[in-house]
Amino acid sequence: MTATDQSREMLAIAAAAAEGKGGEDLVALDVSGPLPLVDIFLIVTGRSERNVAAIADEVEDQLNAAGHKRLRREGRSEARWVLLDFGDLVVHVFHEEERMYYGLERLWKDCPVVPIETAAHAGS
């Protein structure tokens, strides 16, 4: 399987929102093969707990505004690793230390990288 058009649209919205709040080192992985209920993981780095929280809040706000409902949110109170589950898209917003420690890119290295195209949503 490969990521659907809807999950790619969600990715563009989430990536633009993350970049708008200073998110760095964005990587999207197509995890639809090993995870039949999820298409894409978006991994984002924030430079502080406050930045991680702001990125997660903006991603959630923008996806909600586009009609996508969050199914689950984890880690918002600590803001070291916030997970936002939107079904087809799961967004991981990491503090830089946690991102290096957990190494999701290493764990999912066999999954293809999805190009991130945010130009259409840059003004959002």
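Residues numbered from 1 in each chain as written. Predicted model: local features only at pLDDT ≥ 70, side-chain atom pairs only at ≥ 80, totals over all residues. Heavy atoms only, no water.

Quick rundown of the overall build of the protein? Include the residues and the values.
Along its length, the protein carries 4 helices and 5 strands. Tracing the protein from N to C terminus, the helices and strands come up as α-β-β-α-β-β-β-α-α. Here the C-alpha radius of gyration of the protein, 13 Å, is about what a compact globule of 124 residues would show, namely 14 Å. In terms of principal-axis extent, the alpha carbons of the protein reach across some 35 × 30 × 25 Å. In the protein, once contacts between residues fewer than 6 apart in sequence are set aside, the share between residues at least 24 apart is 62%. (Helix = DSSP H or I, 4+ residues; strand = E, 2+ residues; numbered from the N terminus. Rg over C-alpha atoms; globule rule 2.2 N^0.38 Å. Contact = heavy atoms within 4.5 Å.)

Quick one: what's the story with unusual backbone geometry, residue by residue and with numbers?
With phi around 50 degrees, D25 is a residue other than glycine that occupies positive phi space. Mapped onto the fold, D25 is located in strand β1 (residues 24–30). The partly exposed category is assigned to D25, whose relative accessible area is 49%. Even without being glycine, A79 reaches a positive phi, approximately 55 degrees. (Buried < 20%, exposed > 50% of the residue type's maximum accessible area, 1.4 Å probe, protein only.)

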